[in-house]
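These are the residues of each chain, in order.
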Amino acid sequence: MANVIRKMAEGSSRIVERYLPDAFLFAIILTLVAYGLAFFTVDPQAGSLKHAENILVTGWYGGFWGLLTFAMQMTLILMTGYGLAKTDFVDGLLTRAAAIPSSERSAVAFVPIVAALASFVHWGLGLVVGGIFARKVAEEIRTIDFPIIVAGAYSGFIVWHGGLAASIPLNLNSTEGDGNFLIASGVLNETIGTSQTIFTTANLVLFVVVGLVFLPILFVLMYPESDEKKRTIDPAKLETAADGGETESGGKMVATTQTTFADRIEHSAFVAWIIGLGGLLAVLGYFWRGIADGTMPWNNLNLNIVNFTFLFLGLVLHGTPAAYIGAMKEAVENVWGIILQFPFYAGIMGIMGYAPEGSTSLATQIAQGMVQVSPDGTLPAVAFLTAGVVNFFVPSGGGEWAVVGETLVTAAQTSGTSVPRVAMAAAWGDAWTNMIQPFWAIPLLAISGLSVRDIMGYCVLVLLGSGVIIAVGITVLPM
């Protein structure tokens, strides 16, 4: 069995390394595919020059800048998470955790578990912690195959949409005023609490089975048998900080003939602590107000509060503004992929949602087509697959739910299927095909210094194995 899985992983890796384009080119290819599909299927007058212009301008250009806020949030979560990880306290924790595995195979099993646990708490945390932890493990075990543990770190991300910061369940648990478009449109009459989605037997069992059992076993089975097939981390990557070529000072005071007032402020622990503690008090106030309004902290997580927490906690733990500035300079080197690629995915989302009067958007057509051909009793599995397909073009949980949610919920109501079950099937489907969609791997790859081709071959096997587990589990496990 192990030999079969290992050979499949090696074969998949060879194919991916040879044929898979760079993540940026992947986004361009998806853009062209989405444009072509929309051109032939969306407008009743398909084929006209005006139609082509409308898709280009209204759909693509109109959506191109639609992820600017999200792109900035992702940039900050990578930078603030990296800055937090560079503090002596967090660095020490990660170093001690990385020393727990006693062998290469135990390490390759341990990394996806850590990443899955972090992703269950918050998906942004999982991406940052996963990437940094994989590097830490490579520092501890220099002979370990680096691409496979980075792939393991990314694979832990598969559980995020069943976790505490899951977009679809939290949207269902929100009011019309807070963005629940299904209530606003009359498809739903009331909110659906997380006790019916995130905290159900089916979802929690899937999290444990996929994230804490399947992933570690699979990566142990895929691990290269001979040293010749391993690719260890480049020692230069461990010694040289991603600081844009600048000399790393670590925020320490540089001896000069004269210390200015500005120097003293920049290296003042008092300044860091006063503003840092102020920010952390604001975080406590944010969650306290949520509790007072009936919202538990785990249902009140979003990118803004995570970024805010990371930023001010990092500032306190670094001890001085100068030290924190140094960590941020290092982090900047890791965010170029987000800045370049996210607008292209926003453009793809614009094309997928483009629907002139009298027509149906491409994303909705895909969802409706798959629902219509689903046999009785298979709607959860079909919803899972539908979300997985649409996720290629709309790799945003909330964005995808906005274009397929009404179709799936209406189908559930019509067929008498549990709406929470179908919603969670869509949530897991959205996370599932992230395994072969480079969009979410960009931050983690930036931290590790690898390309998408280095890890995607292993992720293909994660996709195949987990797909069967999730499709069956979300259909038959008790909610």
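Please read all numbers here as calculations on a predicted model, not as lab measurements.

**Overview of the nonpolar core**
Then step 1. Membership of the largest hydrophobic core comes to 145 residues, with the highest contact counts inside it found for Trp123, Ile149 and Tyr154.
Then step 2. Broken down by element, this core gets its largest block of residues, 11 residues, from helix α23 (residues 452-476).
Then step 3. Apart from the residues lying within four places of it in its own chain, the contact partners of Ile149 are Val108, Val111, Ala134, Val137, Ala138 and Ile144.

**Looking at the pattern of salt bridges**
Then step 1. Going through the model one piece at a time under the given rule, you end up with seven salt bridges.
Then step 2. Note that Glu10 is salt-bridged to Lys229, the shortest N-O span being 3.3 Å. Residue Glu10 is located in helix α1 (residues 2-19), and its partner Lys229 is located in the loop between α11 (201-222) and α12 (235-239); the two are separated by 219 residues in the primary sequence.
Then step 3. The exposure class assigned to Lys229 is partly exposed, which follows from its relative accessible area of 47%.
Then step 4. Between Glu104 and Lys230 there is a salt bridge whose closest N-O contact spans 2.6 Å. Of the two residues, Glu104 is situated in helix α6 (residues 104-121) and Lys230 in the loop between α11 and α12; the sequence distance between them amounts to 126 residues.

**Focus: the packing of aromatic side chains**
The description of an aromatic ring pair uses the distance of the two centres, along with the angle that the planes make with each other.
Then step 1. Tallied over the full model, the rule gives 18 aromatic pairs.
Then step 2. Considering the side-chain rings of Tyr286 and Phe287, the 5.1 Å spacing of their centres and the 80° angle between planes classify their relative orientation as edge-to-face.
Then step 3. With relative accessibility at 27%, the residue Tyr286 sits in the partly exposed group.
Then step 4. Of the aromatic side chains, those joined through ring pairs into one cluster are Trp123, Tyr154, Phe157, Trp160, Phe342, Tyr345, Phe439 and Trp440.

**Comments concerning the packing of helix α19 (residues 379-393) against helix α21 (residues 419-432)**
Then step 1. Look at α19 against α21: their axes get within 7 Å of each other, and the N-to-C directions meet at 35°. The handedness of the crossing between α19 and α21 is right-handed. Between α19 and α21, the contacting residues are Leu379, Pro380, Ala383, Phe384, Leu385, Ala387, Gly388 and Asn391 on the first element and Arg421, Val422, Ala425, Ala426, Trp428, Gly429, Asp430 and Trp432 on the second.
Then step 2. Residue classes in the contact of α19 with α21 are distributed as 11 nonpolar, three polar and two charged.

Thresholds, definitions, all that
Along each chain, the written sequence defines residue order, and numbers are assigned to residues from 1. Local features in this predicted model are restricted to residues of pLDDT 70 or higher, and side-chain atom pairs are both shown and tallied only at a pLDDT of 80 or more, whereas totals for entire chains, interfaces and linings draw on every residue. For side-chain calculations, the full set of non-hydrogen atoms in the structure is used, while hydrogens and water are omitted. We call a set of buried residues a nonpolar core when its members are Ala, Val, Leu, Ile, Met, Phe, Trp, Tyr or Cys and they connect through side-chain atoms within 4.5 Å of each other. Three labels apply to residues, based on accessible area from a 1.4 Å probe with only protein chains included: buried if under 20% of the type maximum, exposed if over 50%, partly exposed otherwise in between. A run of DSSP states H or I qualifies as a helix once it reaches four residues; a run of E qualifies as a strand once it reaches two. Both are numbered from the N-terminal end. By definition in these notes, contact holds between two residues if any of their heavy atoms fall within 4.5 Å. Salt bridge, as applied in this entry: a Lys or Arg side-chain nitrogen positioned within 4 Å of an Asp or Glu carboxyl oxygen. Working definition: rings of Phe, Tyr and Trp (its six-membered ring) pair if their centres are within 6.5 Å, and the pair is stacked with planes under 30 degrees apart, edge-to-face with planes over 60 apart, and tilted otherwise. Here the axes come from fitting lines to C-alpha atoms, over the contacting stretch only for helices, and the angles between their N-to-C directions go from 0 to 180 degrees. Should the near helix be turned anticlockwise from the far one by less than a right angle, the crossing is termed left-handed; should it be turned clockwise, right-handed. Put simply, Ala, Val, Leu, Ile, Met, Phe, Trp, Tyr, Cys and Pro go in the nonpolar bin, Asp, Glu, Lys and Arg in the charged bin, and everything else, Gly too, in the polar bin.

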